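# Residue-level structure breakdown
Residue strings, one per chain:
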Amino acid sequence: MKTRKKLIEVALPLEAINTASAREKSIRHGHPSTLHLWWARRPLASARAVIFAQMVDDPASCPEEFPDAASQQAERKRLFDIIEQLVLWENTTNAAVLTQARAELWRSWRRTCADNADHPRANELFDPERLPAFHDPFAGGGALPLEAQRLGLESHASDLNPVAVMINKAMIEIPPKFAGQPPVNPEWRTKSANEQALKPWLGAQGLAEDVRYYGQWMRDEAEKRIGHLYPKVTVTAEMARERPDLAPYVGKALTVIAWIWARTVKSPNPAFAHVDVPLASTFMLSTKAGKEAYVEPVIEGDAYRFVVKVGKPADAEKAANGTSAGKRAAFLCLLSGTPLTYDYIRDEGQAGRMGTRLMAIVTEGNRERIYLPPTSEHEAIARQQSPDWKPDLQLPANPRNFNTPKFGLSNYSDLFTDRQLVALTTFSDLVGEAIERVYQDALASGQFAENQASLMTNAPHRTAPHRTAPHDDTALNSPSSTPSTDSSSLTTPLAQGGTGALAYAQAVGVYLGFALSRISSYWSNITSHDNSREKITSVFARQAIPMVWDYMEGNPFSNTSGNFINSINACKKSLDYMLPKFYGHANQLNATNQVISNHKIISTDPPYYDNIGYADLSDFFYVWMRRSLQPIFPNLFATLAVPKAEELVATAYRHGGKEAAEHFFLDGMTQAMAQIAMQSHPAFPVTIYYAFKQSDSGADGTTNTGWDTFLEAVIRAGFAINGTWPINTEMKGRALERSGTNALASSIVLVCRQRDPQAPTATRSDFVRQLRSELPGALRDLQASNIAPVDLAQAAIGPGMGIYTRYAQVIDNQGAAVSVRAALVLINQVLDEVLAEQEGDFDADSRWAITWFEQHGFAAGDFGEADVLARAKNTGVDGLARAGIVDAARGKVRLLEPSELPADWDPRADGRLTAWESVHHLIRALNTGGEQAAATLINDLGSMAEVARELSYRLYTICERKKRAREAIEYNALVQNFGEMRRIAQQQQTTQSQRTEQQASLF
Ligand SMILES: C[S@@+](CC[C@H](N)C(=O)[O-])C[C@H]1O[C@@H](n2cnc3c(N)ncnc32)[C@H](O)[C@@H]1O
């Protein structure tokens, strides 16, 4: 088979990808991630760029079209430009940009097919009229399958976790089935023909509109049924007596946004042992400037009540701390000040003696929150509810991420108040009723051929009746091979891939069920109150279920955050952005034995050792999703809880200790990777994400367990690794400022190819020799593509591992295998050597300055030491001072900082031009005059500009090692801006020569 290197095996415009990935984190409206929470999603920008770059040919591997380095570089630049457009969030639905990207994929694909036209399995593997399909076997929140679909591929997603599978169905499987269809709701159908004719329904927008309409219907219907459980509060004159701010509201009934409750336990003080005292982490209700409000407890003998005050409390610290006790204990008894230890609270909680007490009521004023004291009526109504149903599932005994069981909240039903359970079950039942309505409306719309009898009710715990899928499969796109549908006898039209009226109604039901599932993390009694933003915080502010002492119980019908309509709108908006034309399918499969990767393009993002316990966490949503969606996907939701045993997460508590967990993870990951290595389409590399954490980076520049365990699994599975691209989701400056290194919040994309089964064995010295001979070239290529210094060391591991994995194994002189960990140490050592060797290319003054900088930074050092070093480097301190590099006075020598350098420096007139000066003058120009000024200097520096850029890499590496964050940022920024500065420099030259020509023609 003839293979060509793909772009991702040579170069990537990392800067553009990283910037777009970091920016994407702040995009909320319409981002597919707002459809439903999933932990640690990949940014769409990186997913899109990586899949694109793993499919397009690198120009150097197409010498028939790009015969020399210059034409290859130009073509690479053209591909980079496409990626730079492709990664922008604004271009997510830009047809022109996507069409251009898809055309590139086709171009490379046709080239591959032509190369392999004589292949014995050409028909099966190289059909020039059909792009290979895509598969992600660890699909999670679906970023990668969604982006593959966007790029025009038939997309397959699988995951062990039913919640993740459902998210993927909602993102890639359902929208294309109903793409381009208008909504069926009566509001739309009764619009005039003219109005209807004017509105195009692109992609999933019709479906989105129905989700909005029936979501509103659910909300209104629920209000009729349970609205009385959420009474308003009428502001009385008495209430306003001590609260002048309430005067305008006297006599008005205010809608409640939320009730703020504190948990209670009996006082440990014998004198008050009969009293339930509050565990209030704070008494501050709002800390917003000018809007401060707080609770003040009033103690009356052995009783207490809460009043609400506005303004700043007299004792700010006391109000801020509530009854919490800082380090001494957990809390203090409000009445006696006796400490309440965590052990005491735990015993009380486990004995079922933990209660709650209403502390305050948050209401909707006139464009402001009005905080009111608790009333007995409001407290009573909340307590009087008895839900017909509640989830009955124990939380895991996983103390690392699940804190509530310790305190007696050990069943999922304990994480909701009775009133919240009533609301959640009411809305859940309404999903089924809404589906029935959509179905009737869909039939009435005449858009669907199918005419089935009434739909089953969607009551929980009833098995959906068997229904065969309708045969009006009108989807534009069809899969390349028969995907596994939900094939058991328990199936429903949507699960079977139908596109008729019933399937459509169920599709709308899926998103309504999502809106409910996602809101459950706001309608829980472990949501905290964000008093600085006056908002409810979701249960999953962290990837854990924390214990929350005082919580906020929101009103599902108010107009503020945490209400049902907000949740519907989030689902609707993300659907609006889905404009799929291509087939998608999601399956529940274990990655260790799945067989659907066959001949597919694979990009995947497996779990990271023990970072996130997806299965445990997702039970929180599963119990609600199952209740509303099991009738549609009976097999997917067959089990009472999310399957755990096969989850590839190194969970010590599940596997009987750390070591056993590590073995389980390593073996399972190796099997999963072997499945991919065996099955993936041979023309493409496989890309695998790994979340690299600061703790992964050891003192010797290597790693901890997670990273090398992972690499080990990938290599053992039969892969060679030839790329390691760092992808950051955090703005560079910010990450650097915090740590001075690149270790924060980045993930690494491994680029892998199947390892040659005939690969030879190498000795350790062969390996080192090859590192020394190949790394300098690889490093130069990376620097030529203007990789940011901050990313260089990580990206250079790719070529190093490429050498290591070229062999079946590398053995040391005792015949033992050199481990991945040891190989990484060697790669890092050689990398350092190579970078240090590059120093040889610089002038003597700069070499002196580099060594001095390494030792002293910009601080002063002794003249004697400077002088000795200068002799060794073949220069002199006086000369260095004359060259404008150092300040030497009173026996001390120090390097000049960019801000101290003269602004009128002209390199063309400098008799002793050095790389060191050039770097620092460029930084000065960039800081003071921006890219324009720096570009002018680039023109004046001529070829020295490129030498300066190279030196910046070296200086960055020194700063990183020495943890000099401030300087590191400057060197990194200089390289990052170089591309743009060069462009401006070029422009300046063109303008200059045009002017000269004009002047010449004048005379
Ligand atoms: C890092 S997440 C994927 C995140 C995804 N790329 C995104 O952007 O949202 C890893 C996924 O692997 C899944 N997983 C864990 N063990 C698995 C197994 N044995 N088979 C299939 N999937 C598994 C988890 O459920 C989780 O969704």
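Only a predicted model underlies this, so the values are computations on that prediction, with no experimental measurement involved.

### Side note on the overall build of the protein chain
Per the secondary structure count, the protein chain includes 31 helices and 26 strands. When the backbone C-alpha atoms are referred to their principal axes, the protein chain occupies close to 90 × 80 × 75 Å. Within the span of the protein chain, comprising 1003 residues, buried residues form 58% of the whole. Within the protein chain, counting contacts between residues at least 6 apart in sequence, those at least 24 apart form 74% of the total. Looking at the protein chain as shown, the accessible area adds up to about 39,500 Å², and 50% of this sits on carbon and sulfur atoms.

### Looking at the sheet that holds strand β9 (residues 303-310)
The three strands are arranged β7-β8-β9 in an open sheet whose pairing can be described as antiparallel. Each having just a single partner strand, β7 (284-286) and β9 make up the two edges of the open sheet. The mean inter-strand angle of the sheet, taken between neighbouring strand axes irrespective of direction, is 30°. Here β7 pairs with strand β8 (residues 293-300) via two bridges, running antiparallel. Within β8, the residue paired with serine 286 across the bridge is alanine 293.

### A word on the packing of helix α23 (residues 764-784) against helix α24 (residues 789-804)
Where α23 contacts α24, the axes come no closer than 9 Å and their chain directions differ by 140°. The angle between α23 and α24 places the two elements in the oblique class. Helix-helix and strand crossings are classified by hand; for α23 and α24 the assignment is right-handed. Judged by residue contacts, Phe767, Gln770, Leu771, Glu774, Leu775, Ala778, Leu779, Leu782 and Gln783 of α23 engage Leu792, Ala795, Ala796, Pro799, Gly800, Ile803 and Tyr804 from α24. The class makeup of the residues in the contact of α23 with α24 is twelve nonpolar, three polar and one charged.

### Observations concerning the environment of alanine 872
Its place among the elements puts alanine 872 in helix α27 (residues 863-872). Using a relative accessible area of 64% as the deciding quantity, one classes alanine 872 as exposed. Alanine 872 sits 631 residues away from arginine 241 along the chain, and the two C-alpha atoms are 85 Å apart.

### Thoughts on the confidence of the model for the protein chain
The predicted coordinates should not be examined in detail at positions where pLDDT is low. Of the residues in the protein chain, 92% have a pLDDT of 70 or more, and the chain-wide mean is 89. Taken as a whole, residues 451-477 scores under 50 in pLDDT and shows 64 contacts with residues more than four places along the chain or in a different chain. Per-residue pLDDT stays below 50 along residues 696-703; that stretch engages in 18 contacts with residues further than four places along the chain or on separate chains.

### A closer look at the pattern of salt bridges
Summed over the entire model, instances satisfying the criterion amount to 65 salt bridges. The residue aspartate 57 makes a salt bridge to lysine 6 at a minimum N-O spacing of 2.6 Å. Of this pair, aspartate 57 sits in the loop between α2 (44-55) and α3 (69-86) while lysine 6 is found in the segment before α1 (14-24), placing the two residues 51 residues apart along the sequence. Comparing aspartate 57 with lysine 6, the two get one shared label, buried. Put simply, arginine 150 and glutamate 147 hold a salt bridge, and the shortest N to O gap is 2.8 Å. Placement of the pair is arginine 150 and glutamate 147 together in helix α6 (residues 143-150), with a separation of three residues, close to one helical turn. Note on arginine 150: relative accessible area 11%, which makes it buried. It is possible to trace a salt-bridge network through shared partners that takes in Lys6, Asp57, Glu65, Glu75, Arg78, Glu104, Arg107 and Arg111.

### Regarding the sheet that holds strand β25 (residues 886-889)
Strand order across the open sheet formed by three strands is β24-β26-β25, with antiparallel pairing between neighbours. Every other strand in the sheet has two partners, leaving β24 (861-862) and β25 as the edge strands with one partner each. With four bridges joining them, β25 and strand β26 (residues 892-895) adopt antiparallel strand pairing. Bridge pairing in β26 links valine 886 to leucine 895. The sheet contacts of helix α26 (residues 844-856) involve β24, β25 and β26, and relative to β26 the element is tilted by about 100°.

### Considering the environment of methionine 166
Tracing the chain through its elements places methionine 166 in helix α7 (residues 162-177). Non-local contacts of methionine 166, meaning those with residues more than four positions away in its chain, are made with Val510, Phe514, Met625, Leu629, Phe633, Leu636 and Phe637.

### Describing the site of the ligand
Lining the immediate environment of the ligand, one finds 24 residues, of which Arg42, Gly141, Asp159, Ala591 and Asp605 sit closest. Arginine 42 has a polar backbone atom sitting 2.8 Å from an oxygen atom of the ligand. Here aspartate 159 contributes a side-chain N or O atom positioned 2.7 Å from an oxygen atom of the ligand. Protein contact buries 100% of the 600 Å² of open area that the ligand shows by itself. Under a 2 Å grid-point criterion requiring more than half of the atoms, the pocket assigned to the ligand is the largest cavity.

### A look at the packing of aromatic side chains
For the structure shown, the criterion picks out 39 aromatic pairs. Judged by centre distance (5.2 Å) and plane angle (25°), the rings of tryptophan 89 and tyrosine 577 are stacked. Residue tryptophan 89 is located in the loop between α3 and α4 (95-115), and its partner tyrosine 577 is located in the loop between α17 (564-576) and β17 (584-588); the two are separated by 488 residues in the primary sequence. A residue is classified by how much of its surface remains accessible, and tryptophan 89, at 12% relative accessible area, is buried. Centroid distance phenylalanine 620 to phenylalanine 621: 5.5 Å. Interplanar angle 85°. Geometry classified as edge-to-face. Judged by its relative accessible area of 0%, phenylalanine 620 is buried. The rings of Trp38, Trp39, Trp389, Tyr412, Phe416, Phe540, Tyr614, Phe620, Phe621 and Trp624 are connected pair by pair, giving a single aromatic cluster.

### Concerning the pairing of strand β16 (residues 550-554)
The element β16 is largely enclosed, with a buried count of five among its five residues. Burial along β16 is two-sided: the face carrying Asp550, Met552 and Gly554 and the face carrying Tyr551 and Glu553 are both buried. Note: strand β5 (residues 256-266) against β16, five bridges, orientation antiparallel. Paired with alanine 262 across the strands is aspartate 550, a residue of β16.

### Details of empty space enclosed by the protein
For the structure on display, the rule yields five cavities of 30 Å³ or more. If you add up the space inside the largest cavity, you get close to 360 Å³. Forming the boundary of the largest cavity are 31 residues, of which Phe138, Gly140, Asp159, Pro607 and Tyr614 lie nearest the centre. Taken together, the elements giving at least two residues each to the lining of the largest cavity come down to α6 and α18 (614-629). Here the residues of the lining of the largest cavity sort into 19 nonpolar, five polar and seven charged. The calculated volume of the second largest cavity comes to roughly 60 Å³. Surrounding the second largest cavity, Val56, Asp57, Pro59, Phe66, Glu75, Leu79, Glu104, Arg107, Ser108 and Arg111 form its lining. When grouped by side-chain class, the residues that make up the lining of the second largest cavity number four nonpolar, one polar and five charged.

### With respect to the packing of helix α16 (residues 501-519) against α17
Relative orientation of the contacting elements α16 and α17 amounts to 125°, with a least axis distance of 9 Å. Comparing the axis directions of α16 and α17 gives the class oblique. Note on packing geometry: the crossing formed by α16 with α17 is right-handed. Side by side, α16 and α17 meet where Tyr511, Leu512, Phe514, Ala515, Leu516, Arg518 and Ile519 of the first sit next to Phe564, Ser567, Ile568, Ala570, Cys571 and Leu575 of the second. Grouping the amino acids of the contact of α16 with α17 by side-chain chemistry returns eleven nonpolar, one polar and one charged.

### Re α7
A bend of about 45° at lysine 169 is the largest found in α7. Among the 16 residues in α7, 16 count as buried, and that is most of the element. Two or three places before valine 163, at the start of α7, stands the capping residue asparagine 161, its side-chain oxygen 2.9 Å from that residue's backbone nitrogen.

### Some words on the side chain of threonine 592
Structurally, threonine 592 is set in the loop between β17 and β18 (601-604). When its relative accessible area of 11% is taken as the criterion, threonine 592 is described as buried. A polar side-chain atom of threonine 592 sits 3.0 Å from a polar atom in the side chain of asparagine 590. Residue contacts for threonine 592: discarding those within four places in its chain leaves Leu648, Gly668, Gln671, Ala672 and Gln675.

Cut-off values and rules
- Here the residue numbers are simple positions, counted from 1 along each chain's written sequence.
- The predicted origin of the model limits local features to residues at a pLDDT of at least 70 and limits the giving and counting of side-chain atom pairs to 80 or more, whereas totals for whole chains, interfaces and linings rest on all residues.
- As a rule here, side-chain values cover all heavy atoms of the structure and leave hydrogens and water aside.
- A run of DSSP states H or I qualifies as a helix once it reaches four residues; a run of E qualifies as a strand once it reaches two. Both are numbered from the N-terminal end.
- The rule is simple: take the accessible area with a 1.4 Å probe, protein chains only, and divide by the maximum for that residue type; under 20% is buried, over 50% is exposed, in between is partly exposed.
- Contacts are assigned to residue pairs with any non-hydrogen atoms lying within 4.5 Å of each other.
- In these tables, accessible area is a Shrake-Rupley quantity obtained with a 1.4 Å probe, and a residue counts as shielded only by the protein chains included in the view.
- Being paired, for any two strands, means DSSP has found at least two bridges between them.
- Angles run from 0 to 180 degrees between N-to-C directions of axes, and those axes are lines fitted to C-alpha atoms, restricted for helices to the stretch in contact.
- Any angle that is under 35 degrees is reported as roughly parallel, and any over 145 degrees as roughly antiparallel; angles of 65 to 115 degrees are reported as roughly perpendicular and all others as oblique.
- Crossings are assigned a handedness: left-handed for a near helix turned anticlockwise from the far helix by less than a right angle, right-handed for a clockwise turn.
- When residue character is reported, Ala, Val, Leu, Ile, Met, Phe, Trp, Tyr, Cys and Pro are called nonpolar, Asp, Glu, Lys and Arg charged, and the others, Gly included, polar.
- Confidence of the predictor at the level of single residues is captured by pLDDT, which takes values from 0 to 100.
- Take a side-chain nitrogen of Lys or Arg and a carboxyl oxygen of Asp or Glu: if they are within 4 Å of each other, that pair is a salt bridge.
- Each residue is tested against the molecule or strand, and it is near if at least one of its non-hydrogen atoms lies within 4 Å.
- Polar contact criterion, stated in full: a pair of N or O atoms within 3.5 Å, where within protein one must be able to donate a hydrogen and the other to accept it, and residues adjacent in sequence count only if both atoms are side-chain atoms.
- Points on a 1 Å grid, built from protein atoms alone, make a cavity when a 1.4 Å probe fits but cannot get out and make a pocket when they are open with protein on both sides within 12 Å along at least 5 of 7 lines; residues with an atom within 4 Å of a point are the lining residues.
- To be counted as sitting in a cavity or pocket, a molecule needs more than half of its atoms within 2 Å of that site's grid points.
- Under the pairing criterion, centres of Phe, Tyr and Trp rings, with the six-membered ring standing for Trp, must be within 6.5 Å; the plane angle then separates stacked pairs below 30 degrees from edge-to-face pairs above 60, leaving the rest tilted.
- Grid points are joined across faces, edges and corners, and a volume is the space filled by probe spheres set on the points.
- Note on bend: at a given residue it equals the angle between the axes fitted to the 7 residues ending there and to the 7 starting there.

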